[in-house]
Amino acid sequence: MTFGAMKRRQVLTGGGFCYQAFSPKINPWTIERIAREYPSFGLCPETQRNGGVQNGSGWDMDNSEDYMTSMFAGCTGNRIILVDLKKVLLWIDDLEDDVVDSTEKAITRAYCEKWVGYGKKYIILDGHNTASTIHYYVKGAVKAQEADSYGHDSFVSFTELSDLEQTRKLTQFGCQVVTLEEISRNELGQVFKRLNRNTQLERHELRQCIKTKLADLIRLQANKNNNPLPIKGGYFWKQVFSAQNIDKRCHEEELASYAFRLHHKGTQDVNHDNLDEFYETVREPRQKDVTRLKKVQSTADRIGKAITDWTKETDLKQPRKLDKGTARIVLTVLDQITDLGYDLIKGQELQFLAWVLKTHTTWQSESKKEKFDDEEQKLLAYFKWTKNFQRQVYYNR
C-alpha cells in the first residue's frame, strides 16, 4: 500500500466490517430504486470494462435471466458497491494533508468533480452486471421464469406482468447496496483490485486501475478520448483488436509494451511481470518518451483512419484486421522514422502501410533462405527477430 491515505487505514482501532474504513452505508435497495438510480451510476473506464447485460464482456442474456429468476426464488445474496461522489467531495475537503496527502486529495477531488459534472451521483465499483440486469429487467429487455396458471414455467418480461405483480416485484425484491462515502481515488483502485483478484480479468486491467500519469497517458493515447463513456479504442487499434478485446484493454497493453521499450531504450524484453514492475515504479514517464509515444500513436491513428475511410469507400463489410505481430512491425517502423526526425506525408498512409507490409514479407522470405555460420547472426536474422513479434506475451528486441 503505497498511498498516503492507506497508512491511516492500517491503524484503525475498534475493529470493523465491510469496508468500515471508508464509512460505508449498507442498505437493502429495492428493484425499483436500483432501476431508478441506475442512470446515475458512473462506470469508470479507468477501473471497469464496459460490461453489463447490454454489452459484450458482461453477463450474457442467459446469465441475466437466470439471476432474475433466482432473485425471485430467494436464492441470490450478492451486493452492489457504490462510491457516493458528493459525500467523498465533502470528506476530502475536510481532511488534513497528514491523513491523505495533498496530491491524492487533488486527484480525488478532480476525479469526483469530473463525474458529478457528467451528471453522475455514484461510481459503481462492483456489481455492475447485477445493476444493469435489474435495470434492463424493468425495461422489459431481460426476462425471468414465471409459472403460468397451469403451473408451467416460461420466461416472462416485466412489461407482461399485471400491475399488481409489477408492484410486488418492484417493492419486495432487491439486493444489498454498500455505499462508500470516504475513499480516495487510488484507494478505490486498490479495492477494485482486491475485489477482482479471483475474477478472470486481464493483468493489464489491474495495472491501469491505479491512477498515475503513465496509466493516464496510455489510456488517452490508445483511445484518443477523455470521455467517461466506455473505452472504444483509437483508429489504429480498432484495425487490430475486436471490440471485446479492446474492452479488456488489450490495445492499452500493446501501447504500454511500446512505452516500456522506450523507457528501457529497446534493450529489455517485455513480459507481464516486467510490465507489472514498470507500472509500480514508473509513475511518470520521461517527457521525451511521452513526446515520442504521442507522435508514433498519432501517426498510427492516421493509418488506421485511412484504412477505415478506404473500407467505407470500397463498401467492405468485414475487412481483415491487422494481426498483432504486423501491428508491432508498423509501430516499430514508425518509431524508427520518428527517431530519425521524419514524418509520414499526409495522404500517403495507405501507400506507407503497403510498403511496410510488402518489405516485411520480402525480408522475411529472403532471410529464411540465408545460411548463417555464426549462431548469434542466425538468432538475429530478420525472420527470427520478427517471429518474436507474433508471440502473445513477449515483445522483444
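Computed from a predicted structure; not experimentally measured.

Undergrad: Which parts of the structure should I look at to understand the confidence of the model for the protein chain?
TA: Residues shown with low pLDDT carry predicted positions that ought not to be read at fine detail. Chain-level statistics for the protein chain give a pLDDT mean of 82 and a share of 80% at 70 or above. Mean pLDDT across the elements of the protein chain bottoms out in helix 1 (residues 4-9) (45) and peaks in helix 2 (residues 31-37) (96). Here residues 11-15 is a poorly scored stretch, pLDDT under 50, and it has 2 contacts once near neighbours within four places are set aside; other chains count.

Undergrad: Just checking my understanding: could you explain unusual backbone geometry for this structure?
TA: Trans is the prevailing form of peptide bonds, just as negative phi is the prevailing case for residues other than glycine. In this structure, Ser23 is a non-glycine residue whose phi angle is positive, near 50°. As for its placement among the helices and strands, Ser23 is situated in the loop between helix 1 and strand 1 (24-30). Not every positive phi belongs to a glycine, and Arg249 is a case in point at roughly 70°. The residue Arg249 is located in the loop between helix 12 (243-247) and helix 13 (250-263) in this model. With relative accessibility at 4%, the residue Arg249 sits in the buried group.

Undergrad: When you look at the side chain of Ser70 in this model, what are you seeing that I'm missing?
TA: Along the chain, Ser70 falls in helix 3 (residues 61-72). The contact partners of Ser70, leaving out residues within four places of it in the chain, are Cys75 and Thr76.

Undergrad: Would you take a moment to explain the pattern of salt bridges for this structure?
TA: Pairs can form between side chains of opposite charge once their charged atoms are near each other. Applying the stated criterion across every chain yields a total of 24 salt bridges. The shortest N-O distance in the salt bridge between Glu146 and Lys169 comes to 3.1 Å. Separated by 23 residues along the polypeptide, Glu146 in strand 5 (residues 143-147) and Lys169 in helix 7 (residues 163-172) bring together distant segments of the chain. For the pair formed by Glu146 and Lys169, the shared burial category is buried. Lys211 serves as the salt-bridge partner of Asp216, at 3.1 Å between the closest nitrogen and oxygen.

About the cut-offs
- Residues numbered from 1 in each chain as written.
- Predicted model: local features only at pLDDT ≥ 70, side-chain atom pairs only at ≥ 80, totals over all residues.
- Heavy atoms only, no water.
- pLDDT = per-residue confidence, 0-100.
- Helix = DSSP H or I, 4+ residues; strand = E, 2+ residues; numbered from the N terminus.
- Contact = heavy atoms within 4.5 Å.
- Buried < 20%, exposed > 50% of the residue type's maximum accessible area, 1.4 Å probe, protein only.
- Salt bridge = Lys/Arg side-chain N within 4 Å of Asp/Glu carboxyl O.

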